[in-house]
Amino acid sequence: MSTDIWAWVQDAHRQLTEAGHHRLAAALAEIAGHAVEGRNEQLDALYPEALAAARALGLPWVEVFLRHWRLQNLLNKRHQGEAALGEAVSLLEFAHREETAACPQSVCAVQDFTICHANIDGPGYVAERLAVLDETLARVEPGRACFDCLTREYADTLEDDARPDAALAHLDRAQARILAAGGQLSLAFGHSRASALRLLGRHRDALAAYDAAELAQTSAGRRPDEDDRRKLAVGRALLLAELGRTDAALELLPEPTEAERYPDIRHRWATAVETLAAAGAYPNDAALGARLARWAGYLDRAGSHRPCLDLLLVAARLAVGRGARTVARTLVETGERKLGELRRTDGVAEQLAEVRAAALALPTAAVDLDLDALRERAAAGELGPEALLDVLRDAPDGSGPEVTVELAVGLAGLGHERAAAELLQRQLDDHPEDRETAGLLVSLLIEAGDGEGIRRLAERQLPVSPADAHWTRARWAAAEGRWAEVGEHCAELLAEQPGRLNPRRLAAAAATRLGDHGTAQRLYQELLEHAEPAGEAGEVREAGPGEQHRSVQESDLWHLITAASANRDWAVVRSVGALAGIEFETDSGPVEEEWQLVTVRARRTNGATTDLPAVRTGPATARILPVLGEDVPLNHRDVVVFAPAPLNDLPGPGEDEGWRPVFELLTLLDPAGWTTYWLDGVWPGEAEWAALRERLRAAGFSVWVYSGGEYAVEDPADPAGALPGIYAAIGVPPTGTAAAADAALRELTAAWAHPLCWLELAEAAGVDTAVHREIAERYEL
């Protein structure tokens, strides 16, 4: 098995491009970068379409490649365990079929399989991981990159078996084989060496391993990227913290927001912080505890049982250290549940028992249980959130449901949503008629990602109040993005209780997500009919659980304006706009005005977001300004509808210069029909470019520059030099032609010292393209 995976990717990309499958070709080129850099949204956006295209075209090798890199993202960047197990097993089977066995990426399915089991319970699956890795490594040449990856997995498995000395010896042997075969060691190989050395207590050698690995990369011309730098920083920070070099550790430790964004560095970050906090160099406070609890909750939902328990132990020891008894006990109780998910518990069970004993030994609170007084003290900052929990938990039996609710809300606020939900569930068992508790429980179950808890609650509600059951299911479906189901459940609820408002709001939002703006408009109009006048809300209709607004909210008006704009119902836009205090220039007809410059945030075809300058033409409409390429499904002068809420904060006093509101694209309303072509070449100078742009615009075309001052092209007279370049788009209106644009460009650039290239435009115009191909070659465009 010796095919070069990246050579195959390049060849497959070329073939797909030549066959006209440009989007699949782009996905093939981009998915690995998205996976390893943690660009989750982009990956999630392109993956389903790319996988469907590969299957439709009968390209099993491409399917293996796409599925592997998505799994790498799920397992390494998102730290999924059981949540990804089904796909890991499925891919392993698919990658070893007759039609895929020779694919160079197929062997990587073994790595995915072993990482998944390591996330679930690394020590518990040591034997299985070593067996499959032994068999696979025996048939992979040391010169292949896959040998490096599988070797690291083997070493990680030995570490999970408490054999770091064997892991280091294995890495040493593999390194010699890789180098003898002419291969190069990855930066990740250096991480593996550092990990084994740390576990052996050789921290300085581990730091040297990081240095050597980074130096080897830079010497080979491969500069570490942001992902590399982040991992190196947290790895070094952990080692330095354990060496007692707290200042150096703090200097390298990534900000908490980075660990929040990238789950793959959280464990080392938390371990480093625990050491730093013990040395008094990092604040061990409730905010840190809440952050770690949220991270543990994420791992719990992902089915990564062993990493979850490891993090719970760190969080519990820190909680004990700051005297947070209720939080520490809650973490221990969650840890005991996770312990039951493991196949192998030696070592970790003893750690859990030790921290449990320490948590139980913490003193109880000696404060009177007066809820109003306690709330006042908490609001004044005299009683911290964790201390408040201790008082509430120590309340005597029979203190009432209000104490239980207060305790549950406090736990949820500190990242313990599942524990809070279990508390409310017990209260609901004793008071099944308590609809307010049921509504709060739904919110906590959603926060905890507990679909099974939602199912049980809805089944419990169904015989007593079908409407409440439908509302519970609708809210859960919304949390999971199942918008059609949201509409179905809300429709069932409203058929039984037509006066409810929040179900209409949620159903309208779901219809908007589905692009059904007619239904959204109808629902918002019905909401206005059923709502009480603002400022006159009474007890006329009973509000359902979690339903607070009985009167029309300003956001209701804006959502209705937006839906009506998408439906071109300008009469409703004007009438509802008047209710919102909007003045229009005309009294009837389409709203097509010139308001202000705004930014419309759209999605590229690869899932990345892009911010587009636009002119606001009405309350919820805007006209796009730039000339855009195929990677954005919009173009110059297209009129779009945007969502009403700005995505950026309003500026403070005196800070509004240059500020523009940013709105999310909702739908394309009126396509203008412009076609984009590209100009590339040497920058002609400010005066020449300004004249070209002015003349082209006068002729009915549009120009939008994309290159910046750093863009340069090859200088034919000096191969070692470069010339400042220009890369721009020219837009041709539906009333114009490519031939007319070609003719105008030829006339306007004829006297320039260096010619521009517009190959695609020339092809569309039906003229000789040889000159443009020659320009592209001469200037290496």
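Remember, it's a predicted structure, so these values are computed and weren't measured experimentally.

Draft legend 1. View of the overall build of the chain. Secondary structure summary: the chain contains 35 helices and 10 strands in total. Over its C-alpha trace the chain gives a radius of gyration of 31 Å, about what one expects of a compact globule, namely 28 Å for 781 residues. Expressed as lengths along the three principal axes of its C-alpha atoms, the size of the chain is roughly 90 × 80 × 55 Å. When each of the 781 residues of the chain is scored for burial, the buried share is 50%. For the chain, the proportion of contacts with a sequence separation of at least 24, taken over those separated by at least 6, is 59%. Distance between charge centres in the chain, computed from 77 positive and 123 negative side chains, equals 3 Å.

Draft legend 2. How the structure looks around helix α8 (residues 145-160). Spanning 16 residues, α8 covers 23 Å between terminal C-alpha atoms, matching the ideal 22 Å at 1.5 Å per step. Phi turns positive one or two residues past the end of α8, at A162, with a value near 60°.

Draft legend 3. Up close: the confidence of the model for the chain. With 97% of its residues at a pLDDT of 70 or more, the chain shows a mean pLDDT of 91. In this model, residues 535-548 is a region of pLDDT below 50 whose contacts with residues beyond four sequence positions or in other chains number 25 contacts.

Draft legend 4. The packing of aromatic side chains, seen in detail. Tallying each qualifying case throughout the model produces 12 aromatic pairs. Through a chain of ring-to-ring contacts, three or more aromatic side chains come together here, namely W6, W8, W61, F65 and W69. Looking at R266, its charged tip hangs above the ring of Y298, at a distance of 5.4 Å from the centre.

Draft legend 5. Seen up close, the sheet that holds strand β3 (residues 621-624). Read around the closed barrel, the five strands follow the order β1-β2-β3-β4-β5; overall the barrel is mixed. Neighbouring strand axes in the sheet, compared pairwise and without regard to direction, differ in orientation by 55° on average. Pairing of strand β1 (residues 597-603) with strand β2 (residues 609-616), which is carried by seven bridges, proceeds in the antiparallel orientation. Bridge pairing links R603 to T609 in β2.

Draft legend 6. Seen up close, the pairing of strand β8 (residues 712-715). Sheet topology note: the β8/strand β9 (residues 718-732) ladder contains four bridges and is antiparallel. When the bridges of β9 are listed, V713 appears paired with L723. What sits between β8 and β9 in their antiparallel hairpin is a turn of two residues.

Draft legend 7. The pattern of salt bridges, seen in detail. Evaluated as defined, the whole model comprises 58 salt bridges. The partner of E333 in a salt bridge is R393, with the nearest N and O atoms 3.0 Å apart. Pair noted here: E333 is in helix α18 (residues 325-339) and R393 is in helix α21 (residues 385-393), with a separation of 60 residues, a long-range link. One network of salt bridges, with partners in common, ties together K77, D227, R230, K231, E258 and D264.

Draft legend 8. Spotlight on the nonpolar core. Counting residues in hydrophobic clusters, the biggest one holds 122 residues, and the most contacted among them are L253, W269 and L292. Beyond its immediate chain neighbours, meaning those up to four positions away, L253 contacts A237, W269, A272, V273, L276 and Y282. Counting 33 residues, the second-largest nonpolar core is a separate cluster that includes W471, Y524, W558 and F584.

Draft legend 9. Up close: unusual backbone geometry. Phi is positive for R568, close to 60°, though the residue is something other than glycine. The backbone of E780 sits at a positive phi, close to 50°, despite the residue not being glycine. By the secondary structure assignment, E780 is in the segment after α35 (770-778).

Draft legend 10. Structural view of the packing of helix α27 (residues 483-496) against helix α28 (residues 502-513). Interhelical geometry of α27 versus α28 gives an angle of 150° and a closest axis separation of 9 Å. By the criterion of interaxial angle, the relationship of α27 to α28 is roughly antiparallel. α27 and α28 meet at a crossing whose hand is left-handed. Counting all contacts with α27, which are made through W483, V486, G487, C490, L493 and L494, the residues of α28 involved are P503, R504, L506, A507, A510 and R513.

Draft legend 11. Local environment of the pairing of strand β4 (residues 639-642). With burial as the criterion, each face of β4 is covered, one bearing V639 and V641 and the other bearing V640 and F642. Across three bridges, the pairing between β3 and β4 is antiparallel. Note on β4: the bridge partner recorded for A622 is V640. Both β4 and strand β5 (residues 662-670) contribute to a ladder of four bridges, which runs antiparallel. Residue pairing for β5: V640 is matched across the bridge by L668.

Draft legend 12. Molecular detail of the packing of α8 against helix α9 (residues 164-180). Remark: α8 packs on α9, axes separated minimally by 7 Å, with the N-to-C direction vectors making an angle of 165°. Judged on the interaxial angle alone, α9 and α8 are roughly antiparallel. Of the two elements, α8 crosses α9, and the hand of that crossing is right-handed. On α9, the residues that touch F147, D148, T151, Y154, A155, L158 and E159 of α8 are P164, A166, A167, H170, L171, A174, R177 and I178. Classifying every residue of the contact of α8 with α9 gives 10 nonpolar, two polar and three charged.

Draft legend 13. The arrangement of the environment of A353 in detail. One can find A353 in helix α19 (residues 348-360). Spatially, the C-alpha atoms of A353 and E336 are 9.1 Å apart, while their sequence positions differ by 17 residues.

Draft legend 14. Broad picture of the environment of E763. By secondary structure assignment, the location of E763 is in helix α34 (residues 759-765). Considering only alpha carbons, one finds E763 and A739, 24 residues apart in sequence, at a separation of 9.4 Å. If we ignore the near neighbours within four places in the chain, the residues touching E763 are T769 and R773.

Draft legend 15. Expanded view of helix α1 (residues 5-18). Compared with an ideal rise of 1.5 Å per residue, which puts 14 residues at 20 Å, α1 spans 20 Å between its outermost C-alpha atoms and is within 8% of the ideal. Every buried residue of α1 is listed here: I5, W8, V9, A12 and L16. On an axial view of α1, the arc spanned by its buried residues comes to 100°, and they lie on one face. Exposed residues lying more than 90 degrees from the buried face of α1 are Q10 and E18. Contacts from the buried residues of α1 go to α2 (22-37) and α4 (60-77). Just beyond α1, the residue with positive phi is G20, at close to 90°.

Procedures and definitions
- Residues numbered from 1 in each chain as written.
- Predicted model: local features only at pLDDT ≥ 70, side-chain atom pairs only at ≥ 80, totals over all residues.
- Heavy atoms only, no water.
- Helix = DSSP H or I, 4+ residues; strand = E, 2+ residues; numbered from the N terminus.
- Rg over C-alpha atoms; globule rule 2.2 N^0.38 Å.
- Buried < 20%, exposed > 50% of the residue type's maximum accessible area, 1.4 Å probe, protein only.
- Contact = heavy atoms within 4.5 Å.
- Lys, Arg positive; Asp, Glu negative; His and termini not counted.
- Charge placed at Lys NZ, Arg CZ, Asp CG, Glu CD.
- Expected span 1.5 Å × (residues − 1).
- pLDDT = per-residue confidence, 0-100.
- Phe/Tyr/Trp six-rings, centres within 6.5 Å; stacked < 30°, edge-to-face > 60°.
- Lys NZ or Arg CZ within 6 Å of the ring centre and 35° of its normal.
- Pairing = 2+ DSSP bridges.
- Axes fitted to C-alpha atoms, helices over the stretch in contact; angles between N-to-C directions.
- Salt bridge = Lys/Arg side-chain N within 4 Å of Asp/Glu carboxyl O.
- Core = buried A, V, L, I, M, F, W, Y, C linked by side-chain atoms within 4.5 Å.
- Parallel < 35°, antiparallel > 145°, perpendicular 65-115°, else oblique.
- Left-handed = near helix turned anticlockwise from the far one by under 90°.
- Nonpolar A, V, L, I, M, F, W, Y, C, P; charged D, E, K, R; others polar.
- Arc of directions from axis to C-beta.

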